[in-house]
Amino acid sequence: LFLSLQLFGTIVWILVASTRIPLPLLQGWVMFVAVTAWFLSIVFLSVFLFGYANRIAVNWNQADFIFHGATFVFYFGAFLLQAATTSLHHLPRKFNSTTQERILSGREYNISIAASV
């Protein structure tokens, strides 16, 4: 489970980082959640791989449940924000009075959909 969390977290990094950031606050939170969950899952995995779980007196079942529950809540919130950013693709961004450009281009829209999923 930890390896899949790391894999999909890395994919989210790549997809969000490869788009132009139209709404930095929303997509910044998505990146924060992906990076934090990825880092904490590496720490959690290292505790088990290096045998520290036997030395530290912690209820690891409860810690695992809390970790994955919190990760689910934060990833679900990040999904909602990324989906909200994606849904704004049709709105024009006005750089000046003569030209109009969409917030997300067609390629960035497709990448943003993949990051949402």
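The rules we used
Sequence order sets the numbering: in each chain, residues are counted from 1 along the sequence as written. Local features in this predicted model are restricted to residues whose pLDDT is 70 or higher, and side-chain atom pairs enter the listing and the counts only when it is 80 or higher, whereas totals over whole chains, interfaces and linings include all residues. Excluding hydrogens and water, the side-chain values take into account all heavy atoms of the structure. UniProt positions are given in the numbering used here, feature names are shortened, and annotations may be inferred rather than shown by experiment. Numbering of helices and strands starts at the N terminus; helices are DSSP runs of H or I of at least 4 residues and strands are runs of E of at least 2. Stacked, edge-to-face and tilted labels apply to pairs of Phe, Tyr and Trp rings (six-membered ring for Trp) whose centres lie within 6.5 Å, assigned for plane angles under 30 degrees, over 60, and everything in between, in that order. Each residue is assigned to one of three classes by its accessible area relative to the maximum for its type, calculated with a 1.4 Å probe on protein chains only: buried under 20%, partly exposed between the two thresholds, exposed over 50%. Side-chain atoms within 4.5 Å link the members of a nonpolar core, which is a set of buried Ala, Val, Leu, Ile, Met, Phe, Trp, Tyr and Cys residues. Should any heavy atoms of two residues lie within 4.5 Å, those residues are considered in contact.

- Per an unreviewed UniProt entry, the chain goes by the name MAL2 protein and belongs to Lanius ludovicianus.
- Listed in UniProt under the heading Subcellular location (unreviewed entry), the comment for the chain reads: "Membrane".

### Topic: the UniProt feature "transmembrane region" (unreviewed entry) in the chain
Reasoning step 1: Annotation from UniProt places "transmembrane region" (unreviewed entry) at residues 28–53 and 65–84.
Reasoning step 2: The annotated region residues 28–53 carries 92% helix and 0% strand content, and the separation between its end C-alpha atoms amounts to 33 Å.
Reasoning step 3: Each end of residues 65–84 is marked by a C-alpha atom, and these two atoms are 29 Å apart; helix forms 100% of the span and strand 0%.

### Details of the packing of aromatic side chains
Reasoning step 1: One pass over the full model with this rule turns up eight aromatic pairs.
Reasoning step 2: Relative to phenylalanine 76, the ring of phenylalanine 72 has its centre 6.1 Å away and its plane inclined at 25°; by these criteria the two rings are stacked. Of this pair, phenylalanine 72 and phenylalanine 76 both sit in helix H4 (residues 60–87), separated by four residues, roughly a single helical turn.
Reasoning step 3: By relative accessible area, which is 57% here, phenylalanine 72 ends up exposed.
Reasoning step 4: Through a chain of ring-to-ring contacts, the aromatic side chains of Phe44, Phe48, Trp60 and Phe67 assemble into a single cluster.

### Comments concerning the nonpolar core
Reasoning step 1: Core analysis: the largest hydrophobic core is formed by nine residues, namely Val12, Leu15, Val16, Val30, Val33, Ala34, Ala78, Ile111 and Ala115.
Reasoning step 2: Elements represented by at least two residues in this core include exactly helix H1 (2–17), helix H2 (24–49) and helix H5 (106–116).
Reasoning step 3: Apart from the residues lying within four places of it in its own chain, the contact partners of valine 12 are Val30, Ala34 and Ala115.
Reasoning step 4: In this structure, Leu5, Phe44, Ala53 and Phe67 belong to the second largest nonpolar core, which totals six residues.

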